[in-house]
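In case you want the letters, here they are:
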Amino acid sequence: MSFKDAMAADADVFLNSDEFGVPCVLYTQGETREIVVILDKVEDADTGLFYDAVTAKHSDVTGVVPGDRFVISGNTYRAVSGKPLFEDEQIATLRLEK
């Protein structure tokens, strides 16, 4: 198994709803997608303040723009930016606000 294959398998484990992932409905540009995400608090290195962030498969959040809605456990969050805080070939982390 290549390193790339191992990373893809790891992403599937972490984003599995039986492990760490939670179901999410993403409303983006007139499209509705059901995806699995990890909702977390991330600390801003400059201010020390915490904000909401969501990690998902990169392919699930490609094309997200500011204002797109993520509905997670009955709570609605909006994408602050379409540019991920972190990304690689498998996952991306986006900043959210309620």
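Report on the accompanying structure. (Residues numbered from 1 in each chain as written. Predicted model: local features only at pLDDT ≥ 70, side-chain atom pairs only at ≥ 80, totals over all residues. Heavy atoms only, no water.)

**Examining the packing of aromatic side chains**
Part 1: As enumerated under the stated definition, the model contains zero aromatic pairs in all.
Part 2: Directly above the ring of Tyr27 sits Arg69, whose terminal nitrogen or CZ lies 4.4 Å from the centroid.
Part 3: Between Arg95 and the ring centre of Tyr51, over which it is positioned, the NZ or CZ distance is 4.0 Å. (Phe/Tyr/Trp six-rings, centres within 6.5 Å; stacked < 30°, edge-to-face > 60°. Lys NZ or Arg CZ within 6 Å of the ring centre and 35° of its normal.)

**A few points about the nonpolar core**
Part 1: In this structure, Ile35, Val37, Val54, Val61, Val64, Phe70 and Ile72 are the most contacted members of the largest nonpolar core, which totals 15 residues.
Part 2: At the level of elements, strand 1 (22-28), strand 2 (31-43), strand 3 (50-57), strand 4 (69-72), strand 5 (75-79) and strand 7 (91-97) are the ones that each hand at least two residues to this core.
Part 3: Counting residues per element, this core draws most heavily on strand 7, which supplies three residues.
Part 4: For Ile35, the residues in contact, after removing those within four places along its chain, are Val22, Pro23, Cys24, Leu26, Ala56, Asp60 and Val61. (Core = buried A, V, L, I, M, F, W, Y, C linked by side-chain atoms within 4.5 Å. Buried < 20%, exposed > 50% of the residue type's maximum accessible area, 1.4 Å probe, protein only. Helix = DSSP H or I, 4+ residues; strand = E, 2+ residues; numbered from the N terminus. Contact = heavy atoms within 4.5 Å.)

**A look at the environment of Arg33**
Part 1: Topologically, Arg33 is positioned in strand 2.
Part 2: When the C-alpha atoms of Arg33 and Asp60 are compared, they prove to be 8.1 Å apart, with 27 residues separating the residues in sequence.
Part 3: Ignoring any residue separated from it by four or fewer positions in sequence, one finds Arg33 in contact with Cys24, Val25, Leu26, Thr28, Ser59, Asp60, Val61 and Thr62.
Part 4: Within the structure, the side chain of Arg33 is placed 3.4 Å from the backbone oxygen of Thr62, a separation counted as a polar contact. (Polar contact = N/O pair within 3.5 Å; in protein donor to acceptor, adjacent residues only side chain to side chain.)

**Remarks on the pattern of salt bridges**
Part 1: Within this structure, the stated rule accounts for two salt bridges.
Part 2: Here Glu31 makes a salt bridge to Arg33, at a shortest N to O gap of 3.3 Å.
Part 3: The salt bridge involving Lys41 is made with Asp52; its shortest N-O contact spans 2.8 Å. Residue Lys41 is found in strand 2, and its partner Asp52 is found in strand 3; the two are separated by eleven residues along the sequence. (Salt bridge = Lys/Arg side-chain N within 4 Å of Asp/Glu carboxyl O.)

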